[in-house]
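# Observations on chain architecture
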Amino acid sequence: MTENIIESGDPQARYDSVIEKDSKYVMQTYGHQPLVLSKGKGAVVQDIYGKEYIDCVAGIAVNNVGHCHPAVVKAIQAQAENLIHVSNLYYTEIQAEFAETLASITGMERVFFCNSGAESVEAAMKLARLATGKSAFVAAEHSFHGRTIGALSVTHKSMYRDPFMPPVSSETAFVPYSDAEAIRQAISENTAAVILEPIQGEGGVNIPGPGYLKEVKEICDETGTLLIFDEVQTGFGRTGTWFCKEQFGIEPDIMSMAKSIGGGFPMGAIAARNGISFGRGQHAATFGGGPLACAAALASVKVIKEEKLLERSKEMGAYFREKLAGMARDDVVEVRGKGLMIGVEIKYPCSKFVDFAREQGVLVNCTSESVLRLVPPLVITKEQIDTVVDVLEQA
Ligand SMILES: *Cc1c(COP(=O)(O)O)cnc(C)c1O
């Protein structure tokens, strides 16, 4: 790993200084782990003491191609020497090229670029309203679509929603996940779209029952309701295919993407088909589809193709789940997932697991109280998986 910009002095003093500055100057929104990270390579990150960790969080399903993949680093460096930012008042070659790439891997007609997951959900909601002239949404219980006011109005968890009510879409109907009939009941004359994660991430790595998404699609078609898939977390090989929708054999009308799209560089996008599109002046983002983001994303997509990371996600995911299911513990309720999006549900809150694993050099995330979410870089090796399972078995 290369030298850091800030790297001098006693690590303990540097650690203390970070904690002090953060607690003094940063709004205390995050439940930070007691860890100051400074470097990463592949599936491993390093803290300022030089201690290494196998990273099964990966920026929460962001670093799919691994930390600081040389091809992504090189693409960002090269692009930064030519253009870092220009307005969408002008064209760039790199944006045109990535738009073509993204349309091709999503199988959609047109894309719009933004900068984050929530922003992509906002764009999808606006587009659904524009395309239908209707305003309401149907979303699933335990859904997570982001923290901006619009995205929040289709996000289910009351802790995230309640302090910020009323929502923009006061008519959002939340229905049980994996119950197609409930969606049929919830669709009204004013429903613009149904929005779903094809596998719920934050909600606990919940996989829909067989036939559910297909049935939802049929109900949407019958009722003239749009279907939005939020693939922010499930995209770019996370579940073993480019997008999770492929595994269910259905096409949404609009999809939202972000997290791993830029190989770690912030970026979001939506894609739409059937002629659904914004027209001139109907949506915009100053930084959307900027040169650095597009360069990073193009490089990342190329890495996924060249290193066959879709196949790898499938293979390693199956291996990981099999090993997890074989752990000698009686407090595991279920091991579930697709590709390298894995949930291990246990019988009690899992935050203690997170602490133990970290001390043993493994980073994992606990979501929905009792589900360990494992979303490592797709480049994780079998050896690293073995180490992670050993640690979780002892935890
Ligand atoms: C993370 C996530 C979001 C929000 O993304 P941000 O970039 O944090 O705004 C939206 N939808 C899903 C499914 C996510 O996992």
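Per an unreviewed UniProt entry, the protein chain carries the name Acetylornithine aminotransferase and comes from Methanosarcina siciliae T4/M. Annotation of the protein chain in UniProt includes, under Pathway (unreviewed entry), the sentence "Amino-acid biosynthesis; L-arginine biosynthesis; N(2)-acetyl-L-ornithine from L-glutamate: step 4/4." Quoted straight from UniProt, the Catalytic activity (unreviewed entry) entry for the protein chain says "N(2)-acetyl-L-ornithine + 2-oxoglutarate = N-acetyl-L-glutamate 5-semialdehyde + L-glutamate".

What the protein chain contains, in helices and strands, is 13 helices and 15 strands. Relative to its length of 395 residues, the protein chain is compact, with a C-alpha radius of gyration of 21 Å against a globular reference of 21 Å. Scored against the burial criterion, the 395 residues of the protein chain give a buried share of 52%. A separation of at least 24 residues holds for 70% of the contacts in the protein chain among residues at least 6 apart in sequence. Accessible surface, the protein chain: about 18200 Å² in total, of which carbon and sulfur atoms supply 52%.

Under the counting rule described, the total for this entry stands at 12 salt bridges. Between Lys302 and Glu306 there is a salt bridge, with the nearest N and O atoms lying 4.0 Å from each other. With Lys302 and Glu306 both in helix H10 (residues 291-306), this residue pair falls four residues apart, about one helical turn. The same class applies to Lys302 as to Glu306, namely exposed.

Side chains that are three or four residues apart share a direction in an α-helix, a result of its 3.6 residues per turn. Along its 16 residues, H10 runs 22 Å from first to last C-alpha, staying within 8% of the 22 Å computed at 1.5 Å per residue. The buried fraction of H10 amounts to 13 of the 16 residues, a majority that puts the element mostly inside the structure. Of the residues trailing H10, Lys308 is marked for its positive phi of about 50°.

The sheet built from four strands is open, its strands ordered S1-S2-S3-S13 with mixed pairing. Every other strand in the sheet has two partners, leaving strand S1 (37-41) and strand S13 (362-363) as the edge strands with one partner each. Bridge count for strand S3 (residues 52-55) against S13 is two bridges, and the pairing is parallel. When the bridges of S13 are listed, Ile54 appears paired with Val362. Helix H13 (residues 382-394) contacts strand S2 (44-47), S3 and S13 of the sheet and is inclined by roughly 95° relative to S3.

A sheet is described by the order of its strands in space; here seven strands give the open sequence S4-S10-S9-S8-S7-S5-S6, paired in mixed fashion. Edge strands, defined here as strands with exactly one partner in the open sheet, are strand S4 (110-114) and strand S6 (173-175). On average, each strand axis in the sheet is tilted by 20° relative to the strand beside it, whichever way the strands run.

What follows covers the site of the ligand. As a structural note, the neighbourhood of the ligand is formed by Ser116, Gly117, Ala118, Phe144, His145, Gly146, Glu197, Asp230, Val232, Gln233 and Lys259. Residue Gly117 places a main-chain N or O atom 2.8 Å away from an oxygen atom belonging to the ligand. Lys259 places a polar side-chain atom, nitrogen or oxygen, 2.6 Å from an oxygen atom of the ligand. Within the complex, 79% of the 390 Å² of free accessible area of the ligand lies under protein. By residue class, the composition of the shell around the ligand is three nonpolar, five polar and three charged.

Below, the discussion takes up the UniProt feature "binding site: pyridoxal 5'-phosphate" (unreviewed entry) in the protein chain. Within the UniProt annotation, "binding site: pyridoxal 5'-phosphate" (unreviewed entry) is assigned to Gly117, Ala118, Phe144, Asp230, Glu231, Val232, Gln233 and Thr286. Judged by maximum C-alpha separation, these annotated positions cover 170 residues in sequence and are scattered in space, the widest gap reaching 25.3 Å. Tracing the chain through its elements places Asp230 in strand S8 (residues 226-230). If sequence neighbours within four positions are ignored, Asp230 has contacts with Val121, Phe144, His145, Leu196, Glu197, Pro198 and Ser256. A distance of 2.8 Å separates the side chain of Asp230 from the side chain of His145, its partner in a polar contact. Mapped onto the elements, Gln233 comes out in the loop between S8 and strand S9 (254-257). A residue is classified by how much of its surface remains accessible, and Gln233, at 8% relative accessible area, is buried.

About the criteria used
Residues numbered from 1 in each chain as written. Predicted model: local features only at pLDDT ≥ 70, side-chain atom pairs only at ≥ 80, totals over all residues. Heavy atoms only, no water. UniProt positions renumbered as here; feature names shortened; annotations may be inferred. Helix = DSSP H or I, 4+ residues; strand = E, 2+ residues; numbered from the N terminus. Rg over C-alpha atoms; globule rule 2.2 N^0.38 Å. Buried < 20%, exposed > 50% of the residue type's maximum accessible area, 1.4 Å probe, protein only. Contact = heavy atoms within 4.5 Å. Areas by Shrake-Rupley, 256 points an atom, 1.4 Å probe, with all protein chains shown as cover. Salt bridge = Lys/Arg side-chain N within 4 Å of Asp/Glu carboxyl O. Expected span 1.5 Å × (residues − 1). Pairing = 2+ DSSP bridges. Axes fitted to C-alpha atoms, helices over the stretch in contact; angles between N-to-C directions. Near = heavy atom within 4 Å. Polar contact = N/O pair within 3.5 Å; in protein donor to acceptor, adjacent residues only side chain to side chain. Nonpolar A, V, L, I, M, F, W, Y, C, P; charged D, E, K, R; others polar.

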